[in-house]
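Read off the chains here:
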Amino acid sequence: MGFADTHAFAANEPHLALVLGSGGVRSAAALGIADVLSNAGLQPDLVVGCSSGALFGACIAMGWSGEESLERAMRLWSADLTEKKRWRAYFEIIAPKLCGFSPDFSFRDAALIRARVERAFGSARIEDMKTALRIVATDAASGESVILSRGSLTDAIRASMAVPFIFPSVEIEGRRFTDGVISDPLPVSAAMDAYATISIGFKGAMPRRVDRASRLVAQVTTTMINNLQQARIGQARSSGARMLNLELDIDRRIKLWETAAMPRIFEAGRQAALEQLPAIRRLLDHLPPEGLAA
């Protein structure tokens, strides 16, 4: 596995980047967006993904069609991935020294999600994708945002989706990685070398009531992630980036693992892209024609 150096970006010179942030199942909208772009001859030559965006971004980078990506994603993404509990985790919290609490702590067993991702992507490597792919994860020890640009696609996706407390961190080349959303929920900076960027991010839904500790934690973390995402967008715009942030009409209360909602989310992505095609074409003004994938 390799860790990208931002100084190396200039050599790649992507023309159109598609940046997919976190958002649970809502990130499946990117599959519909990519389908419209491809049909319009505006296929991105770089995909950047974080958390759930890493998984759906990998489907796009593999070169699968919109319908094929949707079908595969629905087989992969389901609520049962989070249902296998680690009962020992509760003892590790109550008696951490006795039961061996570690930085690798998790409430859920990651075996099923590992198997599903491996089944979907096999031995694919990031550097061999049909479309260039960068996956953003967080270094669990330093908190640093890291771009994974080479090596096992399965390992990188699992690392970017390793939600703290839910799933254990993932070790890659001696470093442990966790969910990319912690450090960069909408990693537009990972596409800083692209001529133009389309970003798709989603604000987290705040709890309706704060009547238990878990909802208070959710309120605090959601606030921090939402503000960090807005800061990333603002920073990119202030630096002069040619960027269009797509706003999708999707119910923010859709559950993170609500597989049944995927087809209508896919369609919402298609509709958003169709409506914004004129703006996307303007975004690419002055780009040489050979810069666009046919």
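Residues numbered from 1 in each chain as written. Predicted model: local features only at pLDDT ≥ 70, side-chain atom pairs only at ≥ 80, totals over all residues. Heavy atoms only, no water.

**A few points about unusual backbone geometry**
At Ser-51, a residue that is not glycine, the phi angle is positive and equals roughly 60 degrees. Position of Ser-51 among the secondary structure elements: in the loop between strand E3 (46-50) and helix H2 (52-61). For Phe-165, which is not a glycine, the phi torsion comes out positive at approximately 75 degrees. Residue position: Phe-165 is located in the loop between helix H7 (153-160) and strand E6 (170-172). Overall, the relative accessible area of 53% leaves Phe-165 in the exposed class. (Helix = DSSP H or I, 4+ residues; strand = E, 2+ residues; numbered from the N terminus. Buried < 20%, exposed > 50% of the residue type's maximum accessible area, 1.4 Å probe, protein only.)

**With respect to the nonpolar core**
Among the nonpolar cores identified, the biggest contains 71 residues, and Phe-121, Leu-148 and Leu-153 are the most heavily contacted of them. No other element matches the nine residues that helix H9 (residues 262-283) contributes to this core. One finds Ala-17, Val-48, Cys-50 and Met-243 within the second-largest nonpolar core, a separate group that totals 15 residues. (Core = buried A, V, L, I, M, F, W, Y, C linked by side-chain atoms within 4.5 Å.)

**Thoughts on the environment of Ala-213**
Its place among the elements puts Ala-213 in helix H8 (residues 213-238). Given the relative accessible area of 59%, Ala-213 is considered exposed. Sequence spacing of Ala-213 and Glu-67 is 146 residues, and the spatial spacing of their C-alpha atoms is 41 Å.

**Quick notes on the pairing of strand E8 (residues 196-200)**
On a regular strand, each side chain points to the face opposite its neighbour's, so the side chains alternate between the two faces of the sheet. By the criterion of burial, E8 is predominantly enclosed, with five of the five residues buried. The alternating pattern of E8 places Ala-196, Ile-198 and Ile-200 and Thr-197 and Ser-199 on opposite faces, both of which are buried. Across five bridges, the pairing between strand E2 (residues 16-20) and E8 is parallel. Looking across to E8, one finds that Leu-18 is bridged to Ile-198. As paired elements, E8 and strand E9 (residues 243-246) share four bridges and run parallel to each other. Looking at the pairing, Ile-200 lines up with Leu-246 of E9. (Pairing = 2+ DSSP bridges.)

**Topic: the side chain of Thr-197**
Note on placement: Thr-197 falls in strand E8. Those residues in contact with Thr-197 that lie beyond four places of it in its chain are Ala-17, Val-19, Ala-191, Arg-242, Met-243, Leu-244 and Leu-283. (Contact = heavy atoms within 4.5 Å.)

**What to know about H9**
Of all the bends in H9, the greatest, near 60 degrees, is centred on Leu-277, and the proline Pro-278 appears no more than four residues after it. Those residues of H9 that sit buried are Met-262, Ile-265, Phe-266, Gly-269, Ala-272, Ala-273, Leu-277, Ala-279, Ile-280 and Leu-283. Those residues of H9 that are buried lie in contact with helix H1 (29-39), H2, helix H3 (66-76), E8 and E9. (Bend = angle between axes of the 7 residues up to and from the residue.)

**A word on the packing of H1 against H9**
Viewed as axis vectors pointing N to C, H1 and H9 meet at an angle of 45 degrees, and their least axial separation amounts to 7 Å. Classified by the angle their axes make, H1 and H9 are oblique. Once H1 is placed against H9, the crossing between them reads as right-handed. Here Ala-29, Leu-31, Gly-32, Ile-33, Asp-35, Val-36 and Leu-37 of H1 come into contact with H9, specifically with Ile-265, Phe-266, Gly-269, Arg-270, Ala-273, Leu-274, Leu-277 and Ile-280. For the contact of H1 with H9, a count of residues per class yields 11 nonpolar, two polar and two charged. (Axes fitted to C-alpha atoms, helices over the stretch in contact; angles between N-to-C directions. Parallel < 35°, antiparallel > 145°, perpendicular 65-115°, else oblique. Left-handed = near helix turned anticlockwise from the far one by under 90°. Nonpolar A, V, L, I, M, F, W, Y, C, P; charged D, E, K, R; others polar.)

**Let's talk about the packing of aromatic side chains**
Under the defined criterion, the tally for this structure stands at eight aromatic pairs. With a centroid separation of 5.5 Å and 35 degrees between ring planes, the pair formed by Phe-56 and Trp-77 is classed as tilted. Separated by 21 residues along the polypeptide, Phe-56 in helix H2 and Trp-77 in the loop between H3 and helix H4 (88-94) bring together distant segments of the chain. For the pair Phe-56 and Trp-77, a shared accessibility class is recorded, and that class is buried. With 4.9 Å between their ring centres and 20 degrees between their planes, Phe-101 and Phe-105 make a pair best called stacked. An aromatic cluster is defined as three or more aromatic residues linked by ring pairs; in this entry it consists of Trp-87, Tyr-90, Phe-101, Phe-105, Phe-107 and Phe-165. (Phe/Tyr/Trp six-rings, centres within 6.5 Å; stacked < 30°, edge-to-face > 60°.)

**Description of the pairing of E9**
With burial as the criterion, each face of E9 is covered, one bearing Met-243 and Asn-245 and the other bearing Leu-244 and Leu-246. Handedness of the β-α-β unit built from E8, H8 and E9 comes out right-handed. (Right-handed = clockwise from strand over helix to strand, strands pointing away.)

**Structural notes on the pattern of salt bridges**
Throughout the structure, instances matching the rule amount to 18 salt bridges. Asp-80 is the partner of Arg-116 in a salt bridge, and the nearest nitrogen-oxygen pair spans 2.8 Å. Of the two residues, Arg-116 is situated in helix H6 (residues 111-121) and Asp-80 in the loop between H3 and H4; the sequence distance between them amounts to 36 residues. With a relative accessible area of 12%, Arg-116 lands in the buried category. Taking the relative accessible area as the measure of exposure, Asp-80 reaches 29% and is therefore partly exposed. Close ionic contact of Asp-193 with Arg-134 constitutes a salt bridge, the shortest N to O distance being 3.0 Å. (Salt bridge = Lys/Arg side-chain N within 4 Å of Asp/Glu carboxyl O.)

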